Amino acid sequence: MTEHRHLDELLRVKEGDAGCNAGEPILDAYVELELVGEDPARVFPGTAIHLASCPGCRADHDGLLEAARHFGDVPSG
Ligand SMILES: [Zn+2]
């Protein structure tokens, strides 16, 4: 039994996690896929994993999704 091994697993970034540096361009594209009914997790699996574990990035994503729903698909002209 090694306690620190368990701690190690907690501290280690989840495998495949894209991290907070995925950035807004990716979140933008991610949200766009959601809006058109695609599964963004298939295109950006690392981002999907990260959003599930990072409240900060999830808040960013939610804000983008909200904004895109309001303003994104309105045909301009
Ligand atoms: Zn994050």
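See the structure printed just above.
Residues numbered from 1 in each chain as written. Predicted model: local features only at pLDDT ≥ 70, side-chain atom pairs only at ≥ 80, totals over all residues. Heavy atoms only, no water.

(A) Region of interest: the coordination of the zinc ion. Donor atoms from the polypeptide that coordinate the zinc ion comprise Cys20 (SG), His50 (NE2), Cys54 (SG) and Cys57 (SG), at 2.0 to 2.3 Å from the metal. Coordination at the zinc ion is tetrahedral: its 4 donor atoms span angles of 100 to 118° at the metal. Between consecutive donor residues of the zinc ion, the sequence gaps follow C-x29-H-x3-C-x2-C. On the criterion of sequence distance, the pair formed by Cys20 in the loop between helix H1 (3-11) and helix H2 (23-35) and His50 in helix H4 (residues 45-53) is long-range, its members being 30 residues apart. Accessibility expressed as a relative area gives 54% for Cys20, which makes it exposed. For His50, a relative accessible area of 8% corresponds to the buried category. (Donors = N, O, S within 2.8 Å, 3.2 Å for Na, K, Ca; no water. Tetrahedral: all angles 85-135°; square planar, octahedral: opposite > 155°, others 65-115°. Helix = DSSP H or I, 4+ residues; strand = E, 2+ residues; numbered from the N terminus. Buried < 20%, exposed > 50% of the residue type's maximum accessible area, 1.4 Å probe, protein only.)

(B) Region of the structure containing H2. Between the first and last C-alpha of H2 there are 19 Å, a value that for 13 residues agrees with the 18 Å anticipated at 1.5 Å per step. By the burial criterion, the buried members of H2 are Leu27, Tyr30, Val31 and Leu33. Take H2 and look down its axis: the buried residues cluster within an arc of 155°, on one side only. Away from the buried face of H2 by more than 90 degrees, exposed residues Pro25 and Glu32 are located. Following H2 by one or two positions, Gly37 adopts a phi angle in the positive range, close to 85°. (Expected span 1.5 Å × (residues − 1). Arc of directions from axis to C-beta.)

(C) Local environment of the packing of aromatic side chains. In this structure the tally under the stated criterion is 1 aromatic pair. With a centroid separation of 6.4 Å and 35° between ring planes, the pair formed by Tyr30 and Phe44 is classed as tilted. Remark: Phe44 occurs in the loop between helix H3 (40-43) and H4 and Tyr30 occurs in helix H2; sequence separation between them is 14 residues. (Phe/Tyr/Trp six-rings, centres within 6.5 Å; stacked < 30°, edge-to-face > 60°.)

(D) Seen up close, the environment of Ala29. With respect to the element layout, Ala29 can be found in helix H2. In the structure, Ala29 is positioned 11 residues away from Pro40 in sequence and 8.4 Å away in space, judged by C-alpha atoms.

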